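# Topology and contacts: notes
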Amino acid sequence: MPELPEVETIVQQLKKKLVGKKINYVEVLDKKVVDNDVKKISGSKVVKVWRRAKSIIIELSGKKFLLVHLRMTGHFHYVSKGKKLDPFFEKFVVARFNLSDGSMLTHNSIRLFGSIRLLSLEELEKELSKLGPEPLEISFKEFEKIILGKKGNVKTTIMDQKVIVGIGNIYAQEALYWAGIDPSRKCGDLSFDEIKKLYNQIKRVLLLAIKHHGTTIENYAHIEGAGDFQKLLAVYQSKKCPKKHLLKKISLGGRGTYYCSQCQK
DNA sequence: TGATATGTTATCTT
DNA sequence: CAAGATAACATATC
């Protein structure tokens, strides 16, 4: 679901729709997902929108920040002035941001996981400092050092947001397939060449997925500009690898893991 | 009907 | 104590 490429795509869309606009008032429909304090942003302007890991940060005038985490089923819908939200999504609306130009941004959450919180700059920095480095910015040397220092299996390790951010169950499996590495291998056992391949493939897969605006798996996750990377998935939830070998499915860290025992060693 | 899917965190275990 | 492993969260879908 939303991993780095999907969140990046959503950020680009939000940027276009929100930056420079004023938020007239906010309706909070589910206080568990959306902090009631978020109402306080009424009257402020959207200055900037950016991504860190799988989080969306919306900067508002007056040095206030909305930290949005979609978790699995959170998504936004932008409704132009005079238009209505698709009734299918209406029942999952947890917050409504009414903009001064008459348009509206809704935040929907099916399983009520994610969160939207209003933070000061200090609070935001504190939250973000808990996260590992960005995979598209980290150097190979740093990456190698991190991986060699870990003892668990590679797949669970690269999905750990304290180790490296943005990689979830889909892209972890894809990157490991293209790198030719068995997902259950222990980090410390990987050779220099394998770590190099993994580093390159994580970047390649993420960048390619960003180009395709992410992966759209579940029909209810559809939003404007939903991506089509699912057409390019090698192993995730499929039966055969691109070379037509039958895939194996195991569980690592409580997550379904598909891999090819012939292509991945 | 119950297993499965998902990202993160709290909690248990080594 | 630290790091790894696992359960818990919610709910639609198969």
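Summary of the structure given here. Just so we're clear, the structure is a prediction, and the values are computed from it rather than from any experiment.

Around DNA strand B, the surrounding shell holds 15 residues, and the nearest of these are His-69, Met-72, Tyr-236, Lys-249 and Arg-255. Protein-adjacent atoms of DNA strand B, using a 4 Å cutoff, are sugar or phosphate at a proportion of 60%. Lys-54 is positioned such that a nitrogen or oxygen atom in its side chain is 2.9 Å from a phosphate oxygen of DNA strand B. A distance of 2.8 Å is found between a phosphate oxygen of DNA strand B and a side-chain nitrogen or oxygen belonging to Asn-169. A breakdown of the residues in the surface near DNA strand B according to their chemical character gives four nonpolar, five polar and six charged.

Near DNA strand C you find Ile-110, Arg-111, Leu-112, Phe-113, Lys-150, Lys-151, Gly-152 and Arg-255, and these make up its full shell. Near the protein, meaning within 4 Å, the atoms of DNA strand C are sugar or phosphate in a fraction of 64%, with bases accounting for the rest. Arg-111 is positioned with one of its backbone polar atoms (N or O) 3.2 Å from a sugar or linking oxygen of DNA strand C. Measuring from a phosphate oxygen of DNA strand C, one finds a backbone N or O atom of Lys-151 at 2.8 Å. Classifying every residue of the surface near DNA strand C gives three nonpolar, one polar and four charged.

Turning next to the sheet that holds strand S3 (residues 55-60). The antiparallel open sheet is built from four strands, whose spatial order is S2-S3-S4-S8. Edge positions in the sheet fall to strand S2 (46-52) and strand S8 (115-119), since each of these pairs with one other strand and no more. Each strand axis lies, on average, 20° off the axis of its neighbour in the sheet, ignoring direction. Of the strand pairs in this sheet, strand S4 (residues 64-69) and S8 are connected by five bridges, and their pairing is antiparallel.

What follows covers the state of the cysteines. A complete count under the given rule lists zero disulfides for this structure. In this structure Cys-263 is a free cysteine whose sulfur lies 3.6 Å from that of Cys-260, the closest cysteine sulfur available. Classification of Cys-263 by relative accessible area gives buried; the value is 18%.

Below, the discussion takes up the pattern of salt bridges. What the rule picks out here adds up to 12 salt bridges. Across the pair Lys-21 and Asp-101 runs a salt bridge whose closest N-O atoms are separated by 3.0 Å. Here the residue Lys-21 occupies a position in the loop between helix H1 (4-18) and strand S1 (23-28), and Asp-101 occupies one in the loop between strand S6 (93-99) and strand S7 (104-109), the gap between them amounting to 80 residues. The exposure class assigned to Asp-101 is partly exposed, which follows from its relative accessible area of 35%. One salt bridge connects Asp-160 with Lys-162, and the closest N-O pair in it is separated by 3.8 Å. The network of salt bridges with shared partners includes Glu-8, Arg-51, Arg-52 and Glu-134.

Turning to its location among the elements, His-77 is positioned in strand S5 (residues 74-79). One polar contact links His-77 to His-75, side chain to side chain, over a distance of 3.5 Å.

Procedures and definitions
Positions within a chain are numbered from 1, following the residues in the order the chain's sequence is written. Written order decides the labels, with chains lettered from A and ligands numbered from 1. In view of the model being predicted, local features appear only for residues whose pLDDT reaches at least 70, and side-chain atom pairs are presented and counted only at 80 or more, with totals across whole chains, interfaces and linings using the full set of residues. In computing side-chain properties, one takes all heavy atoms of the structure into account and sets aside hydrogens as well as water. Proximity is defined per residue: if any heavy atom of the residue lies within 4 Å of a molecule or strand, that residue is considered near it. Polar contact is the term for a pair of N or O atoms within 3.5 Å; when the atoms are in protein, one must be able to donate a hydrogen and the other to accept it, and sequence-neighboring residues count only if both atoms are side-chain atoms. For this classification, Asp, Glu, Lys and Arg are treated as charged, while Ala, Val, Leu, Ile, Met, Phe, Trp, Tyr, Cys and Pro are nonpolar and the rest, including Gly, are polar. Strands are treated as partners if at least two bridges between them are detected by DSSP. Counting from the N terminus, the helices are DSSP H or I runs at least four residues long and the strands are E runs at least two residues long. In this analysis, axes come from line fits to C-alpha atoms, helices being fitted only over the stretch in contact, and the angle between any two N-to-C directions falls in the range 0 to 180 degrees. In plain terms, two cysteine sulfur atoms within 2.5 Å form what is called a disulfide here. Buried means the residue's accessible area, taken with a 1.4 Å probe over protein chains only, is under 20% of the maximum for its type, while exposed means over 50%, and partly exposed covers the values in between. By convention in these notes, a salt bridge is any Lys or Arg side-chain nitrogen within 4 Å of a carboxyl oxygen on Asp or Glu.

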